[in-house]
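Chains, contacts and geometry: an overview
Chain by chain, the residues:
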Amino acid sequence: MRVILNIARAELRYFFYSPIAWFLLILFLMSSAGIVMGNLADTAVQQDAMLELKGSAFEGFLNMPLTRMVIGKGIDTVLMIFFLFIPLLTMGVINRDYAAGTIKLLHSSPVTIRQIVLGKFLGVYSFVCMMIMLFVALVAVLTFSIREVEVLHIAAMLLGFFLLAAMYVAVGMFISSLTTYPIVAGIGTFVTLTLFASMALMFQGTDYVRDVTWFLSSSGRVESLLAGLLNTKDIIYFLAIITFFITCTIIRTKSVTESRSWRVSAMRYGAALAVTVTVLVVTAIHGFIGYWDVTRGKVNTLHPNTQEVLKKLDG
């Protein structure tokens, strides 16, 4: 574990040697602050208008909680910006060592490929977490402007933010290991992430294949967390996809040092994909899914009276 942390520390230190890291931190803070403050201003205007129209009869934003309107809507937009930042951060994480020749030093040192890959992932993800923590600090200040803020709901939103960011980093790191050109890696990461978001719409007319694409798709996964509904299916999805791409990066890096046929690597990739799909299918079975509605008004849960009616229905 100490070796992994040392590699992560070196990777994190590399970011701050470059001005692009400071530029991204400042740009992300300014853009996220502008987005959230804009949502707060719009909601305040809407609230003043409702108070002027209804007066004391206005009971607040009942159907759409204020936490979701200000913070949740802000995270939705920030995630779209974040989608563009990750390729810039990961496009040189692996191929940089090949271009500089330092990968030979790593292979000749007493460290394993697994430690190298995990260390680099942890280093890049640590920098990404710094960016997210800037947003968390902004949200923490914003909570003083919201009466009866839903802390658990905000925690669920931030959990989705951290998991999605980890998935983006894992994908970007794998794409970086496939090419020696950082620009190609950056474009490839963007295309791959877009593909994952739209994969649920592909091969819908082909049996079995459409099931695989649906289980692998990231579409709608983080939206449930942003809505305040924690469920094991989506959380395990992110953990499985992160593990899959880290494993693929290890396989790719290992194949460079081995003099084996490409079929060996293909079998390893296939085995990793099969295990991932199996985990996603099993954890998506309705009897195995756990749910927790963390919203104060339980907006994601059927009313108890409706539940009683449904229990009496035949079948």
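Residues numbered from 1 in each chain as written. Predicted model: local features only at pLDDT ≥ 70, side-chain atom pairs only at ≥ 80, totals over all residues. Heavy atoms only, no water.

Let's talk about the overall build of the protein chain
When helices and strands are tallied, the protein chain shows 13 helices and two strands. The buried share of the protein chain, taken over its 315 residues, is 43%. Sequence separation of at least 24 residues holds for 77% of the intrachain contacts in the protein chain that already meet a minimum separation of 6. Carbon and sulfur atoms provide 68% of the accessible area of the protein chain, an area that totals close to 17000 Å². (Helix = DSSP H or I, 4+ residues; strand = E, 2+ residues; numbered from the N terminus. Buried < 20%, exposed > 50% of the residue type's maximum accessible area, 1.4 Å probe, protein only. Contact = heavy atoms within 4.5 Å. Areas by Shrake-Rupley, 256 points an atom, 1.4 Å probe, with all protein chains shown as cover.)

Some thoughts on the pattern of salt bridges
One pass over the full model with this rule turns up one salt bridge. For glutamate 11, the salt bridge goes to lysine 120, with nearest N and O atoms at 3.0 Å. Here glutamate 11, found in helix 1 (residues 2–17), pairs with lysine 120, found in helix 6 (residues 113–142); they are 109 residues apart in sequence, far enough to count as distant. (Salt bridge = Lys/Arg side-chain N within 4 Å of Asp/Glu carboxyl O.)

Quick look at the environment of valine 222
Topologically, valine 222 is positioned in helix 10 (residues 221–226). Separated by 59 residues in the primary sequence, valine 222 and leucine 163 place their C-alpha atoms 8.5 Å from one another. Residues in contact with valine 222, not counting those within four places in the same chain, are Leu79, Gly160, Leu164 and Phe238.

Structural notes on the packing of aromatic side chains
In this description, an aromatic ring pair is defined by two values, namely the gap between the centres and the angle between the planes. Counted under the stated rule, the structure contains nine aromatic pairs. Plain terms: the ring middles of phenylalanine 16 and tryptophan 22 are 5.0 Å apart, the flat faces sit at 65 degrees to each other, and that makes the pair edge-to-face. Ring geometry for phenylalanine 16 versus phenylalanine 127: centroids 5.6 Å apart, planes at 70 degrees, classification edge-to-face. Of this pair, phenylalanine 16 sits in helix 1 while phenylalanine 127 is found in helix 6, placing the two residues 111 residues apart along the sequence. In this structure phenylalanine 16 comes out as partly exposed when scored by relative accessible area, which is 25%. (Phe/Tyr/Trp six-rings, centres within 6.5 Å; stacked < 30°, edge-to-face > 60°.)

Structural notes on the side chain of threonine 192
Looking at the secondary structure, you find threonine 192 in helix 8 (residues 182–198). Apart from the residues within four sequence positions on either side, threonine 192 is in contact with Val171 and Ile175.

What to know about the packing of helix 6 against helix 11 (residues 232–257)
Each packed pair of helices is defined by two parameters, the angle between the axes and the distance between the axes. Helix 11 packs onto helix 6 with a crossing angle of 130 degrees between their chain directions and a minimal axis gap of 9 Å. The angle between helix 6 and helix 11 falls in the class oblique. Read as a crossing pair, helix 6 and helix 11 show a hand that is right-handed. Here Ile113, Arg114, Val117, Leu118 and Phe121 of helix 6 lie close against helix 11, whose contacting residues are Ile242, Ile246, Thr249, Ile250, Thr253, Lys254 and Thr257. For the contact of helix 6 with helix 11, the class distribution of residues is seven nonpolar, three polar and two charged. (Axes fitted to C-alpha atoms, helices over the stretch in contact; angles between N-to-C directions. Parallel < 35°, antiparallel > 145°, perpendicular 65-115°, else oblique. Left-handed = near helix turned anticlockwise from the far one by under 90°. Nonpolar A, V, L, I, M, F, W, Y, C, P; charged D, E, K, R; others polar.)

Observations concerning the nonpolar core
Core analysis: the largest hydrophobic core is formed by 76 residues, its most contacted members being Ile75, Phe82, Val128, Phe135, Phe161 and Met167. The element that contributes the greatest number of residues to this core is helix 7 (residues 151–178), accounting for 17 residues. Those residues in contact with phenylalanine 135 that lie beyond four places of it in its chain are Phe28, Ser32, Val36, Ile75, Val78, Leu158 and Phe161. (Core = buried A, V, L, I, M, F, W, Y, C linked by side-chain atoms within 4.5 Å.)

Topic: the packing of helix 1 against helix 2 (residues 19–54)
It is at 4 Å that the axes of helix 1 and helix 2 come closest, and there the two elements cross at 80 degrees. In terms of their interaxial angle, helix 1 and helix 2 are classed as roughly perpendicular. Residues Phe15, Phe16 and Tyr17 of helix 1 touch helix 2, and the partners they reach there are Pro19, Ala21, Trp22 and Leu25. Along the lines of polarity and charge, the residues of the contact of helix 1 with helix 2 split into seven nonpolar, no polar and no charged.

Re the confidence of the model for the protein chain
Summary statistics for the protein chain give a mean pLDDT of 79 and a share of 85% for residues scoring 70 or more. Per-residue pLDDT, averaged within each element of the protein chain, yields its smallest value for helix 5 (residues 102–108) (67) and its largest for helix 11 (88). (pLDDT = per-residue confidence, 0-100.)

Focus on helix 7
Its 28 residues give helix 7 an end-to-end C-alpha distance of 41 Å, which sits within 8% of 40 Å, the value for a rise of 1.5 Å per residue. Of all 28 residues in helix 7, 22 are buried, a share of seventy percent or more. (Expected span 1.5 Å × (residues − 1).)

Comments concerning helix 1
Taking 1.5 Å of rise per residue, 16 residues should cover 22 Å, and helix 1 covers 23 Å from first to last C-alpha, within 8% of that figure. Here helix 1 has its buried residues at Ile4, Ile7, Ala8, Glu11, Leu12 and Phe15. Looking straight down helix 1, one finds its buried side chains confined to an arc of 135 degrees; they lie on one side. For helix 1, the exposed residues set more than 90 degrees away from the buried face come down to Arg2 and Tyr17. (Arc of directions from axis to C-beta.)

Details of the side chain of serine 265
By the secondary structure assignment, serine 265 is in helix 12 (residues 262–283). On the basis of relative accessibility, which here comes to 11%, the residue serine 265 falls in the buried class. Aside from chain neighbours lying at most four places away, what touches serine 265 is Ile251 and Ser255.

Brief notes about the environment of isoleucine 81
Following the sequence through the fold, isoleucine 81 ends up in helix 3 (residues 66–90). Ignoring anything within four residues of it in the chain, the contact list for isoleucine 81 reads Ser31 and Ile35.

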